[in-house]
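Letter by letter, the chains look like this.
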Amino acid sequence: MAFLARALRQSNSRLSSCPSVAASCRWISRTAAAGSPEAGAAVAPADPELPPPREPVGGARVELPPNPEDALEVFVDGHAVRIPKGFTVLQACEVAGVDIPRFCYHSRLSIAGNCRMCLVEVEKSPKPVASCAMPALPGMKIKTNTPVAKKAREGVMEFLLMNHPLDCPICDQGGECDLQDQSMAFGADRGRFTEMKRSVVDKNLGPLVKTVMTRCIQCTRCVRFATEVAGVQDLGMLGRGSGEEIGTYVEKLMTSELSGNVIDICPVGALTSKPFAFKARNWELKGTETIDVTDAVGSNIRVDSRGPEVMRIVPRLNEDINEEWISDKTRFCYDGLKRQRLNDPMIRGPDGRFKAVTWRDALAVVAEVLHQVKPEEITGVAGKLSDAESMMALKDFVNRMGSDKVLCEGNGPNPPADLRSNYLMNTSIAGLEKADVFLLVGTQPRVEAAMVNARIRKTVKATQAKVGYIGPPADFNYDHEHLGTGPQTLVEITEGRHPFCSVLQSAKNPVIIAGAGLFEREDQDALFSMIETVAKRFNVTRPDWNGLNVLLLHAAQAAALDLGLVANPAESIKSAKFLYLMGADDISLDKLPDDAFVVYQGHHGDKAVYRANVILPSSAFSEKEGTYENTEGCTQWTIPAVPTVGDARDDWKIIRALSEVAGALLPYDSLSAVRDRISTVAPNLVHVDEREPSTISVEVKPPVKQKVSSTPFKTVVENFYMTDAITRASKIMAQCSATLLKK
Amino acid sequence: MAWRASLSRSVKEIRVLFCQSSPASAPAREFVKKNYGDIKARNPSLPFLVRECSGVQPQLWARYDMGVERCVNLDGLTEAQIDKKLEELAMAGESLKTK
């Protein structure tokens, strides 16, 4: 009975998108009621005439419309519930707190109804009803716990298991398999099938998704996901009857940036993670909810670890940011966290070789060099993966040493850091779904932010929104109009001479998305001024709608701009005699003087360590508490999932220790003290999981005298799979680069 | 207004913090809307960071050389008084520099 209770709890957890404590408690109490008559009597309601209200299933999404005529009442197992019109029977049961088993239904995909597992009994209906495909009607009486419904589900389960291989002990889906859970809860206790089971040839989808198609139950979730969310027509159903197969028709790899999500939505073990194959069972893993840092979206993830090792990364539900998907880079770069790691402080000796030293010696050497250079010759550079606490410490330290030259990678020569609306996605990621026209300026969201691209694609599919794109030719997985490659097109739109102007004019909620790659241009001020002119001309910004957006590239970018890391990189590096690189691997050091002293603080031995004189090891995002702000301005915290490698330390602690040795002591020595300090610079960075909108519009800015250059926009992300130190250290990402990148 | 042209020589960074909607921050919001363009035109390279956050008391921060910072609470001040406070912070920067 304990095993059954755990199986039911897992089943409930598996069936719901978002497990909740209330749902788990309900399952436990139901089991207790079944086991003990006294407990059953206690659980029974005191007044049978008025049953208590039921809690919706965890993750059930319902918003009652304000107009009473748009709602209706149905009865589920005798309990009355109010739901909006258009809801299906399954959704009504979820609101009523009843879990309906399903294989093919997924709340974010279209309805297929082909698994028949969600059969329920409806009064006045002669046959059981597939609840996911049946609209709920007013006054409908639904019965989910009757002998007819149970027999129907048992029969469906028997048919599904007919050709299913008995290889549960070697299946990677073990412990989190919908088929396992539902056969325990709803199936028969013995099989009657004595004939030969069917075998299906495995397909090759690439280096990420492993296929064992014999286990496939043809629910078509992966087909619908690939078509509707990922936007690639790679998968389909072939054959009919007992010869049905899911595959790619011809030998073809699945070339979507979101292909790893089919592993999550597959209810059986047909599609599993190839890098994770045979590595661990899910009950051995410790899950830690944290934030992704491979791009500026800040997807919510769960890091599954076993001891000191990260075993895999899976998505976590966040309706506003990533819904329940993550990109393949986020999901599969975890082996980069185990390779090329720096674990000891190192000093380069006279012979050019690095020698491991103690922290005390390393910090003493750095402090000694700091006092030999002039204050204005000190430069600090934060990298793409830096958290807000580290950047705050770096800025404070360099400022106290007398220098203003603190900057962040990718923010360009003259970052627009004064007003927050200049560098954030002001519409918000979820708000993009309300748009009806998109103008993409110098940005390719498919490779810069795959989750934002999925949101745009969702809007294009749902409302036929128009997309105009200015930049090098690119493929976005949805229809878009390529307007031009450079600022000249923007000039035409500003002056009203371009045909796309009529589309923008007739739009109700237009959206302009500028790429952060534009920050690197010398004419960035003039370019953004022109974009703001377009926004004013076509009513993109108004009190009830702000459609002017910047799509940032890196996890550190928004927080760096909030904190004011605004130095010019070219000038700062040219004059630097002491250069402090905090995870900054992609900044150009060509102009760095030969006699400059370089300190590299980071977690991976990547490009910049080859120029460093001192190496200080630090923690990766999976090993520390840090604050990150995403491209829409939502502040989120990372939680440590695994211990730090070797003798590495948190970034801000290293700088704090260095400030003590150098004699410019920083006043904080705890994480809460750093965050208090951050609240005096950018208080929005301490409002976790919240977006702080900006009311100061761009109209307060002075006019720009700069002229726009005619240089075309360029591609910012050449290789989607290799964008930072972690992904470059990942073997899985190297395989993806070799096999999936289009030549 | 002559002190505004030399603001970037005496101050390294200006930060204005206020709430988006509270009445206590209304003068600070109006001050930024009316004066940001002029200050920025005279000091194009001076960071003038405007940070809005709900529930925050209106504050004006100035950072000088060697990381020294001063803060003025703008609660209860009018726009003219805020302008005066900014000038005082600039003058304080001048005196710090001569030291």
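Residues numbered from 1 in each chain as written. Chains lettered and ligands numbered in written order. Predicted model: local features only at pLDDT ≥ 70, side-chain atom pairs only at ≥ 80, totals over all residues. Heavy atoms only, no water.

**A closer look at the overall build of chain B**
Here is step 1 of the chain: Within chain B one finds four helices and four strands.
Here is step 2 of the chain: Helices and strands appear in chain B in the N-to-C order α-α-β-α-β-β-β-α.
Here is step 3 of the chain: Computed over its C-alpha atoms, the radius of gyration of chain B comes to 13 Å, within 12% of the 13 Å expected for a compact globule of 99 residues.
Here is step 4 of the chain: Dimensions of chain B, computed from C-alpha atoms along their principal axes, come out at roughly 40 × 25 × 20 Å.
Here is step 5 of the chain: Residue pairs at least 24 apart in sequence account for 73% of intrachain contacts in chain B once pairs closer than 6 positions are excluded.
Here is step 6 of the chain: Accessible surface for chain B amounts to roughly 4300 Å². Of this, 54% is attributable to carbon and sulfur atoms.
Here is step 7 of the chain: For chain B, the separation between the mean place of its 16 positive charges and that of its 12 negative charges on side chains is 3 Å. (Helix = DSSP H or I, 4+ residues; strand = E, 2+ residues; numbered from the N terminus. Rg over C-alpha atoms; globule rule 2.2 N^0.38 Å. Contact = heavy atoms within 4.5 Å. Areas by Shrake-Rupley, 256 points an atom, 1.4 Å probe, with all protein chains shown as cover. Lys, Arg positive; Asp, Glu negative; His and termini not counted. Charge placed at Lys NZ, Arg CZ, Asp CG, Glu CD.)

**Side note on the layout of surface pockets**
All names here are of chain B.
Here is step 1 of the chain: One number sums up the size of the second largest pocket: a volume of about 1200 Å³.
Here is step 2 of the chain: Per-element tally for the lining of the second largest pocket: the top contributor is helix H3 (residues 26-42), with three residues.
Here is step 3 of the chain: When grouped by side-chain class, the residues that make up the lining of the second largest pocket number 17 nonpolar, twelve polar and 14 charged. (1 Å grid on protein atoms, 1.4 Å probe; cavity = no way out; pocket = protein on both sides within 12 Å on 5 of 7 lines; lining within 4 Å. Points joined across faces, edges and corners; volume = space filled by probe spheres on them. Nonpolar A, V, L, I, M, F, W, Y, C, P; charged D, E, K, R; others polar.)

**Focus: the interface of chain B and chain A**
Here is step 1 of the chain: Of the residues lining the interface, 29 residues belong to chain B; the matching set on chain A comes to 32 residues.
Here is step 2 of the chain: Around 2400 Å² of area is buried between chain B and chain A when both sides are counted, 52% of it from carbon and sulfur atoms.
Here is step 3 of the chain: For the interface between chain B and chain A, the tally reads six salt bridges.
Here is step 4 of the chain: For aspartate 418 of chain A, the salt bridge identified is with lysine 40 of chain B, shortest N-O distance 2.8 Å.
Here is step 5 of the chain: Secondary-structure elements contributing two or more residues to the side of chain B that touches chain A are strand S1 (13-18), H3, strand S2 (48-52) and strand S3 (59-63) of chain B.
Here is step 6 of the chain: Top contributing element to the side of chain B that touches chain A by residue count: H3 of chain B, with seven residues.
Here is step 7 of the chain: Split by residue class, the side of chain B that touches chain A holds 14 nonpolar, four polar and eleven charged. (Buried area = accessible area lost by both parts, 1.4 Å probe. Salt bridge = Lys/Arg side-chain N within 4 Å of Asp/Glu carboxyl O.)

**Here we look at the domain arrangement of chain A**
Here is step 1 of the chain: Per the domain assignment, the segments making up chain A are domain 1 (57-145), domain 2 (346-414 + 562-691) and domain 3 (425-551).
Here is step 2 of the chain: Each of domain 1 of chain A and domain 2 of chain A has a C-alpha centre, and these two points are 54 Å apart. (Domains from an automatic or database assignment.)

**As for the UniProt feature "domain: Ribosomal protein/NADH dehydrogenase" (unreviewed entry) in chain B**
Here is step 1 of the chain: Taking the UniProt record as the reference, the feature "domain: Ribosomal protein/NADH dehydrogenase" (unreviewed entry) is found at residues 20-93 of chain B.
Here is step 2 of the chain: The annotated region residues 20-93 of chain B carries 43% helix and 20% strand content, and the separation between its end C-alpha atoms amounts to 29 Å. (UniProt positions renumbered as here; feature names shortened; annotations may be inferred.)

**Structural notes on the packing of helix H5 (residues 147-162) of chain A against helix H6 (residues 178-186) of chain A**
Residues and elements named next belong to chain A.
Here is step 1 of the chain: It is the contact of H5 with H6, at a shortest axis distance of 10 Å, that shows an interaxial angle of 140°. Taken together, H5 and H6 sit at an angle that is classed as oblique. At the point where H5 passes H6, the crossing takes the left-handed sense. Within the contact between the two elements, H5 uses Arg153, Glu154, Met157, Leu160 and Leu161 and H6 uses Leu179, Gln182, Ser183 and Phe186.
Here is step 2 of the chain: Partitioned by chemical class, the residues of the contact of H5 with H6 number five nonpolar, two polar and two charged. (Axes fitted to C-alpha atoms, helices over the stretch in contact; angles between N-to-C directions. Parallel < 35°, antiparallel > 145°, perpendicular 65-115°, else oblique. Left-handed = near helix turned anticlockwise from the far one by under 90°.)

**Observations regarding the pairing of strand S20 (residues 510-515) of chain A**
When a strand is regular, its side chains alternate between the sheet's two faces.
Residue and element names in this part refer to chain A.
Here is step 1 of the chain: Here S20 lies mainly inside the structure; six of its six residues are buried.
Here is step 2 of the chain: Here S20 shows no split at all, with Pro510, Ile512 and Ala514 on one side and Val511, Ile513 and Gly515 on the other all buried.
Here is step 3 of the chain: The pairing of strand S17 (residues 437-441) with S20 spans five bridges and is classified as parallel. What sits directly across from leucine 439, in S20, is isoleucine 512.
Here is step 4 of the chain: Relative to strand S23 (residues 548-551), S20 runs parallel, the two sharing four bridges. Note on S23: the bridge partner recorded for alanine 514 is valine 550. (Buried < 20%, exposed > 50% of the residue type's maximum accessible area, 1.4 Å probe, protein only. Pairing = 2+ DSSP bridges.)

**Examining the side chain of histidine 164 of chain A**
All names here are of chain A.
Here is step 1 of the chain: Within the secondary structure, histidine 164 is located in the loop between H5 and H6.
Here is step 2 of the chain: At a separation of 3.2 Å, a polar atom in the side chain of histidine 164 contacts the main-chain carbonyl oxygen of arginine 215.
Here is step 3 of the chain: Residues contacting histidine 164, with those up to four places away along its chain left out, are Leu179, Lys197, Arg215, Ile217 and Val268. (Polar contact = N/O pair within 3.5 Å; in protein donor to acceptor, adjacent residues only side chain to side chain.)

**Details of the UniProt feature "domain: 4Fe-4S His(Cys)3-ligated-type" (unreviewed entry) in chain A**
Here is step 1 of the chain: As recorded in UniProt, the sites labelled "domain: 4Fe-4S His(Cys)3-ligated-type" (unreviewed entry) are residues 148-187 of chain A.
Here is step 2 of the chain: Span residues 148-187 of chain A is 60% helix and 0% strand, its end C-alpha atoms 14 Å apart.

**So, unusual backbone geometry**
Negative phi characterises most residues that are not glycine, and trans characterises most peptide bonds.
Residues and elements named next belong to chain A.
Here is step 1 of the chain: Look at glutamine 218: it is not a glycine, yet its phi comes out positive at around 55°.
Here is step 2 of the chain: By secondary structure assignment, the location of glutamine 218 is in the loop between strand S6 (209-211) and helix H7 (221-230).
Here is step 3 of the chain: You can call glutamine 218 buried: its relative accessible area is 15%.
Here is step 4 of the chain: Unusually for a residue other than glycine, asparagine 477 sits at a positive phi of about 75°.
Here is step 5 of the chain: You can see asparagine 477 is positioned in the loop between strand S18 (466-470) and strand S19 (481-484).

**Regarding the state of the cysteines**
Here is step 1 of the chain: A complete count under the given rule lists zero disulfides over all chains for this structure.
Here is step 2 of the chain: As a non-bridged cysteine, cysteine 634 of chain A has cysteine 53 of chain B as the owner of its nearest cysteine sulfur, 12 Å distant.
Here is step 3 of the chain: Assessed through its relative accessible area of 7%, cysteine 634 of chain A is described here as buried. (Disulfide = S-S within 2.5 Å.)

**Description of the nonpolar core**
Residue and element names in this part refer to chain A.
Here is step 1 of the chain: Ranked by internal contacts, the top residues of the largest apolar core, which has 154 residues, are Phe438, Leu439 and Ile456.
Here is step 2 of the chain: Sequence-distant contacts of phenylalanine 438, that is, excluding residues within four places in its chain, are made with Leu432, Ile456, Thr459, Ala465, Lys466, Val467, Gly468, Phe500, Val511 and Ile513.
Here is step 3 of the chain: The next biggest cluster of nonpolar side chains, apart from the first, holds 48 residues, and it includes Trp359, Ala367, Leu616 and Val674. (Core = buried A, V, L, I, M, F, W, Y, C linked by side-chain atoms within 4.5 Å.)

**Structural notes on the packing of helix H11 (residues 388-400) of chain A against helix H20 (residues 671-679) of chain A**
Two quantities define a packed helix pair, namely the angle between the axes and the distance from one axis to the other.
Residue and element names in this part refer to chain A.
Here is step 1 of the chain: Orientation of H11 relative to H20, taken along the N-to-C sense of each, is 70°, at an axis distance of 10 Å. Comparing the axis directions of H11 and H20 gives the class roughly perpendicular. Facing H11, whose interface residues are Ala388, Glu389, Met392 and Asp396, H20 presents Leu671, Val674, Arg675, Arg677 and Ile678.
Here is step 2 of the chain: Here the contact of H11 with H20 is built from residues that sort into five nonpolar, no polar and four charged.

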